[in-house]
Amino acid sequence: GQLPALTLAYIGDVVYELYVRCHLIEKGLAKVQDLHKGAVLLVQAKTQAAMAHAIESQLSEAELSAMRRGRNAKGHPAPKGASVTLYRQATGVEALVGYWYLQQNQERLDWFFNQLWQMEGALQHGSEVN
């Protein structure tokens, strides 16, 4: 049977965070405050929502379904001050990452995070991602 969308997002959140942290360390960031700053940029809901838009057209039906289920899941209020829409889109992305992780689909995870690293370049050079 299908796992609940928020269960996928629960795992996906950790997988996403782990990939980001490993990536920052591989880039040579060593100080915890630098790592934290770099991570916040990539983990924030705004970036995750931008990723959702960037990859949506390249997802299979099953992948879209995992993302949609995460986005529409009930029972997770957005953090104070966060846009509900952005937060829901971010949850959708986390559900998708969780889906790939539990399917042991390394190829799609690598593909996804490579797209994220490309977006990171744009984010660091101050261009708005929309």
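To keep things clear, this report deals only with the structure shown in the data block. (Residues numbered from 1 in each chain as written. Predicted model: local features only at pLDDT ≥ 70, side-chain atom pairs only at ≥ 80, totals over all residues. Heavy atoms only, no water.)

1. Describing a nonpolar patch on the surface
So, step 1. There is a patch of nonpolar side chains on the surface, built from Leu3, Tyr101 and Leu102 and spanning about 280 Å² of accessible area.
So, step 2. Tracing the backbone through its elements, the reader meets Tyr101 in helix 5 (residues 84-102).
So, step 3. Given a relative accessible area of 44%, Tyr101 falls into the partly exposed group. (Patch = residues over 30% accessible without salt bridge, like charges linked within 9 Å, V, L, I, M, F, W, Y side chains within 5 Å. Areas by Shrake-Rupley, 256 points an atom, 1.4 Å probe, with all protein chains shown as cover. Salt bridge = Lys/Arg side-chain N within 4 Å of Asp/Glu carboxyl O. Helix = DSSP H or I, 4+ residues; strand = E, 2+ residues; numbered from the N terminus. Buried < 20%, exposed > 50% of the residue type's maximum accessible area, 1.4 Å probe, protein only.)

2. Brief notes about the packing of aromatic side chains
For any pair of aromatic rings, the description rests on two quantities: the centre-to-centre distance and the angle between the ring planes.
So, step 1. Across all of its chains, the model carries seven aromatic pairs by this definition.
So, step 2. Where Tyr19 meets Phe113, the ring centres are 4.1 Å apart and the plane angle is 5°; that geometry is what we call stacked. Linking Tyr19 in helix 1 (residues 5-26) with Phe113 in helix 6 (residues 106-124), this pair joins segments that are 94 residues apart in sequence.
So, step 3. Exposure remark for Phe113: the relative accessible area of 1% places this residue in the buried category.
So, step 4. Grouping aromatic residues by their ring pairs yields a cluster made of Tyr16, Tyr19, Trp100, Trp111, Phe112, Phe113 and Trp117.
So, step 5. Lying over the aromatic face of Trp111, Arg108 brings its terminal NZ or CZ to 4.2 Å of the ring centre. (Phe/Tyr/Trp six-rings, centres within 6.5 Å; stacked < 30°, edge-to-face > 60°. Lys NZ or Arg CZ within 6 Å of the ring centre and 35° of its normal.)

3. Let's talk about the side chain of Arg108
So, step 1. Within the element layout of this structure, Arg108 appears in helix 6.
So, step 2. Setting aside residues no more than four positions away along its own chain, Arg108 makes contact with Gln58, Leu59, Glu63 and Trp100. (Contact = heavy atoms within 4.5 Å.)

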